[in-house]
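Examining the three-dimensional arrangement
Given next are the chains, with one letter for each unit.
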Amino acid sequence: MGLKGFVEGGIASIVAGCSTHPLDLIKVRMQLQGESVVPNQAIQNLRPAIAFNSASATIAGAQPAVHIPPPPRVGPVSVGIKIVQAEGVAALYSGVSATVLRQTLYSTTRMGLYDVLKQKWSDPDSGNMPLVRKIAAGLIAGGIGAAVGNPADVAMVRMQADGRLPMSERRNYKGVIDAITRMSKQEGVTSLWRGSSLTVNRAMIVTASQLASYDQIKETILEKGVMKDGLGTHVTASFAAGFVASVASNPVDVIKTRVMNMKVEPGSAPPYSGALDCAMKTVRAEGPMALYKGFIPTISRQGPFTVVLFVTLEQVRKILKDV
């Protein structure tokens, strides 16, 4: 019974991930807005947030970096159009192989574990689980799933962000396997778990808010008799769950994206020393609302993703019910 939960969750997650991949790519590009090139040849390969830290921006014998305001933010539609114009329609699916691997590792694990915990912790009479236990199950399942899927997550972020770099600085990964192999050789195996603390934190927040709120809202709708157990209930509960997950996870997601995407040059200090350093530099350079960059594409992606995820999951459960 437990294994079936992993299979059901894995199938639904892969379908949802591939369906909404272009929206996820646009979200990543928007989250990286503001990381423009610093006009100083000695540090031009570093992320610009470091230029706003006076202690780090000065190099021996060089003038301090000149402060250049970040370019004005553009919306998700504009970002999507620019990607298509500059890189072609296929660019909207850059890193899709990493998405498939990520969903296979991360989402299959978290969905399966949540289902196992749900079966163990649910009330035997009503079949329902208290909200606190739902949240606890989501935190546990999300954290373990993220640790398993982090290499694919790093590869996905890099492949999605590659098109925004100058041609000479692009990594040009051929696929997710090539990305993971090259990262291991060039930056060490530990680079595959770069930003893992952020990934784990985000996954715990997303899983707890997404899965717990879906189950809670669905149960409330059915108990109050607002709708019957069908497509309408599934869509309503899943879209509400997607909104809750987006609001809760966006700040961590922005920091995670920047830490995973940073380019570490041999012999040079990394642009960010960690999650807190990245958050501080981002807020100092771009303001507190920078932590909600990409929120519109996040909710635009998280909403459809969650709807497709749970609607597919419910259908797969019906198909595999007697297996």
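Attention in this report is confined to the structure presented alongside it. Because the structure is a prediction, the values reported are computed rather than measured. (Residues numbered from 1 in each chain as written. Predicted model: local features only at pLDDT ≥ 70, side-chain atom pairs only at ≥ 80, totals over all residues. Heavy atoms only, no water.)

Here we look at the nonpolar core
Of all hydrophobic cores here, the largest spans 16 residues; its most connected members are Tyr 114, Leu 309 and Phe 310. Contributing elements (two or more residues each) for this core: α1 (2–19), α5 (96–121), α6 (131–161), α8 (196–224), α9 (231–261) and α11 (295–319). A per-element tally of this core places α11 first, with four residues. Non-local contacts of Leu 309, meaning those with residues more than four positions away in its chain, are made with Ala 12, Ser 13, Ala 16, Arg 110, Met 111 and Gln 210. Counting 13 residues, the second-largest nonpolar core is a separate cluster that includes Ala 98, Val 176, Ala 179 and Leu 192. (Core = buried A, V, L, I, M, F, W, Y, C linked by side-chain atoms within 4.5 Å. Buried < 20%, exposed > 50% of the residue type's maximum accessible area, 1.4 Å probe, protein only. Helix = DSSP H or I, 4+ residues; strand = E, 2+ residues; numbered from the N terminus. Contact = heavy atoms within 4.5 Å.)

Points about unusual backbone geometry
Of note in this structure, Asn 172 is not a glycine but carries a positive phi near 55 degrees. Relative to the assigned elements, Asn 172 resides in the loop between α6 and α7 (176–187).

Brief notes about the pattern of salt bridges
If you walk through the whole model with that rule in mind, you get 18 salt bridges. For Arg 29, the salt bridge goes to Glu 87, with nearest N and O atoms at 3.0 Å. Residue Arg 29 is found in helix α2 (residues 21–31), and its partner Glu 87 is found in helix α4 (residues 76–87); the two are separated by 58 residues along the sequence. Here Arg 202 and Asp 253 are joined by a salt bridge, their closest N and O atoms 2.9 Å apart. A residue pair is termed long-range when its members are at least 10 positions apart, and Arg 202 in helix α8 and Asp 253 in helix α9 qualify at 51 residues. Considered together, Arg 202 and Asp 253 belong to a single accessibility category, that of buried residues. Taken together, the shared-partner salt bridges connect Asp 24, Lys 27, Arg 102, Asp 153, Arg 202, Asp 253, Lys 256 and Arg 301 into one network. (Salt bridge = Lys/Arg side-chain N within 4 Å of Asp/Glu carboxyl O.)

Description of the packing of α8 against α11
Relative orientation of the contacting elements α8 and α11 amounts to 60 degrees, with a least axis distance of 12 Å. Comparing the axis directions of α8 and α11 gives the class oblique. Our pair here, α8 against α11, has a crossing hand that is right-handed. Along its contact with α8, which presents Arg 202, Gln 210, Leu 211, Tyr 214 and Lys 218, the element α11 presents Gln 302, Phe 305, Thr 306, Leu 309, Phe 310 and Glu 314. Each residue belonging to the contact of α8 with α11 can be placed in one class, and the counts come to five nonpolar, three polar and three charged. (Axes fitted to C-alpha atoms, helices over the stretch in contact; angles between N-to-C directions. Parallel < 35°, antiparallel > 145°, perpendicular 65-115°, else oblique. Left-handed = near helix turned anticlockwise from the far one by under 90°. Nonpolar A, V, L, I, M, F, W, Y, C, P; charged D, E, K, R; others polar.)

Things to note about α4
Here α4 spans 16 Å end to end across twelve residues, near enough to the 16 Å set by a 1.5 Å rise per residue. Here α4 has its buried residues at Val 79, Gly 80 and Ile 83. Down the axis, α4 shows its buried residues gathered within 100 degrees of arc, on one side only. With respect to the buried face of α4, the exposed residues turned more than 90 degrees away are Val 77 and Gln 85. Contacts from the buried residues of α4 go to α2. Directly beyond the C-terminal end of α4, a positive phi value near 95 degrees is found at Gly 88. (Expected span 1.5 Å × (residues − 1). Arc of directions from axis to C-beta.)

As for empty space enclosed by the protein
Under the criterion given, the structure shown has three cavities of 30 Å³ or more. Computed from the structure, the largest cavity encloses a volume of approximately 130 Å³. Together, 13 residues line the largest cavity, and Met 111, Tyr 114, Phe 310, Leu 313 and Arg 317 are the ones closest to its centre. Looking at the lining of the largest cavity, the elements with two or more residues in it are α1, α5, α8 and α11. A per-element tally of the lining of the largest cavity places α5 first, with four residues. Looking at the lining of the largest cavity residue by residue, the class counts come to six nonpolar, two polar and five charged. (1 Å grid on protein atoms, 1.4 Å probe; cavity = no way out; pocket = protein on both sides within 12 Å on 5 of 7 lines; lining within 4 Å. Points joined across faces, edges and corners; volume = space filled by probe spheres on them.)

A short note on helix α10 (residues 275–286)
Here α10 contains twelve residues, and its C-alpha end-to-end distance of 16 Å stays within 8% of the 16 Å for a straight helix at 1.5 Å per residue. Three or more residues of α10 are buried, namely Cys 278, Ala 279, Lys 281, Thr 282, Ala 285 and Glu 286. Taken together, the buried residues of α10 touch α9. Backbone geometry just downstream of α10 places Gly 287 in the positive-phi region, at approximately 95 degrees.

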